[in-house]
Amino acid sequence: MRAHLRSALLPALGAAVLAAGCIPVQIQAPDEPIEINLNVNIRQEVIVRLERDAAELLDENSGLFGGTTP
Amino acid sequence: MIRALATATLLIGALTLATPALGQAGDPLLQARSQGLIGEQADGYLGFVPGATISADLRGRVEQNNIQRRQLYTRRAAERAVSVNEMAAAVACEVFERRIAMGERYRDEGGQWRQRTASAPVATPSFCGS
């Protein structure tokens, strides 16, 4: 019974995948140019947020980096 | 028995003395930094100063160090769901602020090699924020 169910399910699944592949996808070009400047701001924000992690990495692995300097 | 104990004590003493020395002047990487052969870069890795004569041994040590750094960055970046480059850049900000000694060379975000002197303090990359 279980084997029968599986044998029926597999082709159905295959058919579904094939059908999905055939659906035409329309890609529209954006009306406005993509804003690239945003990336710079996000980057800086991320780096500021990582400040504590960075300090921690340095302190835990002082052998890999130079010593603390005045 | 007594001799064995004395030998062990001597050995431990020698090791204790040798360990800090390895981390200081005996470290070839620290030596190369102070000699201006290599330096910290704004991308979070060590780099070779152009024109410097780099021995195969030193090259290997620098590459090994950078591989270990990359491993650290990769692990922490995954934990914080940021890119490896972003984690590396964040570390570079800290390094530029606190880990470049007087006289050492470093490579800024524009790719330019500079030297920290008394009159020219380290220029922190612009992406560091404050």
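Residues numbered from 1 in each chain as written. Chains lettered and ligands numbered in written order. Predicted model: local features only at pLDDT ≥ 70, side-chain atom pairs only at ≥ 80, totals over all residues.

Visitor: I'm lost on the overall build of chain A in this one. Help?
Guide: A count of helices and strands for chain A gives three helices and zero strands. Its helices and strands in sequence order give chain A the pattern α-α-α, from N to C terminus. (Helix = DSSP H or I, 4+ residues; strand = E, 2+ residues; numbered from the N terminus.)

Visitor: How do you make sense of the packing of helix α3 (residues 51-60) of chain A against helix α4 (residues 84-98) of chain B when you look at a structure like this?
Guide: Helices that pack against each other are described as a pair by the angle of their axes relative to one another and the distance between those axes. Viewed as axis vectors pointing N to C, α3(A) and α4(B) meet at an angle of 65 degrees, and their least axial separation amounts to 8 Å. Relative to α4(B), α3(A) is oriented roughly perpendicular. Crossing of α3(A) over α4(B) shows right-handed handedness. Along the contact surface, α3(A) presents E51(A), D53(A), A54(A), A55(A), L57(A) and L58(A), while α4(B) presents A90(B), V91(B), C93(B), E94(B) and V95(B). Broken down by class, the residue content of the contact of α3(A) with α4(B) amounts to eight nonpolar, no polar and three charged. (Axes fitted to C-alpha atoms, helices over the stretch in contact; angles between N-to-C directions. Parallel < 35°, antiparallel > 145°, perpendicular 65-115°, else oblique. Left-handed = near helix turned anticlockwise from the far one by under 90°. Contact = placed C-beta atoms within 7 Å. Nonpolar A, V, L, I, M, F, W, Y, C, P; charged D, E, K, R; others polar.)

Visitor: Looking at this model, I keep getting lost on the confidence of the model for chain B. Mind explaining?
Guide: A low pLDDT score tells you not to read the predicted coordinates there in detail. Residue and element names in this part refer to chain B. Here chain B shows a mean pLDDT of 87. Residues at 70 or above account for 80%. pLDDT under 50 marks residues 15-24. Its contacts with residues more than four places away, or in other chains, come to three contacts. Both scores are given for the predicted complex: the pTM is 0.68, the ipTM 0.76. (pLDDT = per-residue confidence, 0-100.)

Visitor: What exactly am I supposed to notice about the interface of chain B and chain A here?
Guide: By a widespread convention, an interface's size corresponds to the accessible area lost as its parts come together. Between chain B and chain A, the contact holds 25 residues from the first and 19 residues from the second. Those elements that provide at least two residues to the side of chain B that touches chain A are α2 (28-34), α3 (56-80) and α4 of chain B. Per element, the largest residue contribution to the side of chain B that touches chain A is nine residues, and it comes from α4(B). Partitioning the side of chain B that touches chain A into residue classes produces 13 nonpolar, four polar and eight charged.

Visitor: Can you help me understand the environment of T74(B) in this one?
Guide: Residue and element names in this part refer to chain B. Mapping T74 onto the fold places it in helix α3. Judged by local crowding, T74 falls into the partly exposed class, with 14 C-beta atoms found within 10 Å. When the C-alpha atoms of T74 and M87 are compared, they prove to be 7.8 Å apart, with 13 residues separating the residues in sequence. (Buried ≥ 20, exposed ≤ 12 C-beta atoms within 10 Å, placed from the backbone.)

Visitor: Just to check I follow, could you spell out the nonpolar core for this structure?
Guide: Nonpolar side chains in soluble globular proteins generally cluster together in the buried interior. M87(B), A90(B), V91(B), A92(B), C93(B) and F96(B) are the most contacted members of the largest nonpolar core, which totals 21 residues. Among the secondary structure elements, those contributing two or more residues to this core are α3 of chain A together with α4 of chain B. Residues within four places of F96(B) in sequence aside, it is in contact with E40(B), Y106(B), V122(B), T124(B) and P125(B). Counting six residues, the second-largest nonpolar core is a separate cluster that includes L37(B), Y45(B), L46(B) and V62(B). (Core = buried A, V, L, I, M, F, W, Y, C linked by C-beta atoms within 7 Å.)

Visitor: What is the right way to look at the pairing of strand β1 (residues 38-41) of chain B in this model?
Guide: Within a regular beta strand, the side chains point alternately toward one face of the sheet and then the other, so they alternate between its two faces. All names here are of chain B. Bridge analysis of β1 against strand β2 (residues 46-48) gives three bridges, and the strand direction is antiparallel. What sits directly across from G39, in β2, is G47. Joining the antiparallel neighbours β1 and β2 is a turn of four residues, in which G44 adopts a positive phi near 90 degrees. Of the pairings in the sheet, the one linking β1 to strand β3 (residues 105-107) comprises three bridges and is parallel in character. Bridge assignment links E40 to a residue of β3, and that residue is Y106. (Pairing = 2+ DSSP bridges.)

Visitor: Can you walk me through α3(B) in this structure?
Guide: Along an α-helix, residues three or four positions apart point the same way, because every turn accommodates 3.6 residues. For α3(B), which comprises 25 residues, the first-to-last C-alpha distance of 36 Å matches the rise-based estimate of 36 Å (1.5 Å per residue) to within 8%. Listing the buried residues of α3(B) in full gives V62(B), Y73(B) and R76(B). Those residues of α3(B) hidden inside the fold are in contact with α3 of chain A together with α2, β1, β2 and α4 of chain B. Phi turns positive, to about 55 degrees, at A81(B), one or two residues after α3(B). (Expected span 1.5 Å × (residues − 1).)

Visitor: I would appreciate a short explanation of the sheet that holds strand β4 (residues 113-115) of chain B in the present structure.
Guide: Hydrogen bonds between backbone groups are what pair the strands of a sheet, and the pairing can be parallel or antiparallel. Residues and elements named next belong to chain B. As summarised here, the arrangement of the four strands in space is β2-β1-β3-β4, forming an open sheet in which the pairing is mixed. Each edge of the sheet is formed by a strand with only one pairing partner; in this case those strands are β2 and β4. Strand-to-strand, the axes of this sheet are offset by a mean angle of 40 degrees, without reference to chain direction.

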